[in-house]
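Observations on the three-dimensional arrangement
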Amino acid sequence: MSRFNLSDTAKQLAISIVATVISIILTFGVAHLVDKNRQKEKRRQISMMVIHDIDETISNIKGILKNEEKGWEATRFSLDNKGNIRAIPRDTLVRFLNYILSDTFDPALQFDKSNESIFNSSQESWNTLSDMSFIRNVQKCYHLRAILEDQLKNWVYFKRPISGEETYQILMNSNFLFDDSSFYSLCEKWLNDERTKIYMENLENRKYLLNYVLENCIGLNEANRFLMNVTDKDLKEFAEKTLGQIHRASEKEIVGKWVSISGDDSSIEMDFKEDRTMTCVLSYKASSSLFYGKISVDAIHTGKWEIRKDSLVLHLDNDKFSLKADDSKITYKPEVKDSVESIIKDLTAPEIFNRLKAEVFLGEERVACSTNIDPTGKKLEITTDRSVAIHLTR
């Protein structure tokens, strides 16, 4: 009987030990699996962050190339017609001056390096990205971007004809912004300057470097997409998640007047009426040392709107687009009357009319937009299919 009890106890002990071992194995196995999946998700998130960042760099470089070509075309046209300079459209001459002036602000020349810093400084990034091919590709892209950024500032072929010091002297000692005679004299001077011609001739050297960096970054980033099995849909969803939870505006939510969150001197007002008609007013205020107060300029779009699936679709009446300047709130001395009237006329000139007509909606008649409205229903983000974002509040 005692042997039976001993055997039974031994069996119970063996079963208990086996159960404990299985429990330990299962616990550690599940924990290992969870940790492995967590690391895999981190790896994927970091991959998409970096791929998206390099896509933004690629978009920036394309913008620089586009501005180079537009500036070159404006300068070539101005050179070809400099014998009758006042017949050249004013916006063409302005683009020419911006092309050769140093120290002009161009957002396309600015690279956001915050994600690069996260990637390089976070030890977690290196631990979770075991694919060295991906890491090498990312490093090459960031290295190429650093080279381009340095060359944009320092390479002789990117040095503009009008130096920084000359730009300063022009701005301090010339009234070319408001006086036609000064403006055309300045244009004429630099259209006949040999440095302008040389800068024009070096376009291909600038484009060569830009295209070299562009093509390499595109190739390396496409390879990274394959390495990490990341699709364009994945990146779109990632971008939306980084912006926060997306709530598409319904027809009921979007009805009403919305005003852009912007500076004091510019605004966008959008009025979506219940009858599905809409008005969009782009306003800005112009000031000058020649008068007190500010001239209000309003560019007005009208049309219709509808919600189609998840998109806000605008149908614009571009032939009804209007532009007006209100000078009722300015005062000036009698001796500058002609100059002030010239400024007012310039603010509604055909080239300004056409530029403002395409400012937000690019001159298109049908514009599809994505929307994101906050939980309170008082803040709205509208993004066109060309990635122009407008932030509005009721």
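The rules behind the values
Residues numbered from 1 in each chain as written. Predicted model: local features only at pLDDT ≥ 70, side-chain atom pairs only at ≥ 80, totals over all residues. Heavy atoms only, no water. Axes fitted to C-alpha atoms, helices over the stretch in contact; angles between N-to-C directions. Helix = DSSP H or I, 4+ residues; strand = E, 2+ residues; numbered from the N terminus. Parallel < 35°, antiparallel > 145°, perpendicular 65-115°, else oblique. Left-handed = near helix turned anticlockwise from the far one by under 90°. Contact = heavy atoms within 4.5 Å. Nonpolar A, V, L, I, M, F, W, Y, C, P; charged D, E, K, R; others polar. Pairing = 2+ DSSP bridges. Expected span 1.5 Å × (residues − 1). Buried < 20%, exposed > 50% of the residue type's maximum accessible area, 1.4 Å probe, protein only.

So, the packing of helix α2 (residues 90-100) against helix α7 (residues 180-191)
The geometry of α2 relative to α7 is characterised by a closest axis approach of 11 Å and an angle of 55° between their N-to-C directions. Viewed along their axes, α2 and α7 adopt a mutual orientation that is oblique. Handedness of the crossing formed by α2 with α7: left-handed. Facing Arg90, Leu93, Val94, Phe96, Leu97 and Ile100 of α2, the residues of α7 in contact are Asp180, Phe183, Tyr184, Leu186, Cys187, Trp190 and Leu191. A breakdown of the residues in the contact of α2 with α7 according to their chemical character gives eleven nonpolar, no polar and two charged.

Topic: the side chain of Asn318
For Asn318, the location among the structural elements is in the loop between β5 (311-316) and β6 (322-326). Leave out the neighbours within four places in its chain, and Asn318 touches His301, Lys357, Gly363, Glu364 and Glu365.

Describing the pairing of strand β2 (residues 266-272)
When strand β1 (residues 256-260) meets β2, the two strands line up antiparallel, connected through four bridges. Counterpart to Gly256 in the pairing with β2 is Phe272. The sheet contact formed by β2 and strand β3 (residues 277-286) spans seven bridges and is antiparallel. The residue bridging Glu269 from the neighbouring strand is Val281, located in β3. A loop of four residues connects β2 with β3, the two strands running antiparallel in sequence, and Arg276 in this loop sits at a positive phi of about 75°.

Details of helix α5 (residues 132-154)
Taking 1.5 Å of rise per residue, 23 residues should cover 33 Å, and α5 covers 33 Å from first to last C-alpha, within 8% of that figure. Every buried residue belonging to α5 is among Phe134, Ile135, Asn137, Val138, Cys141, Tyr142, Leu144, Arg145, Leu148, Glu149 and Leu152, and all of these are buried.

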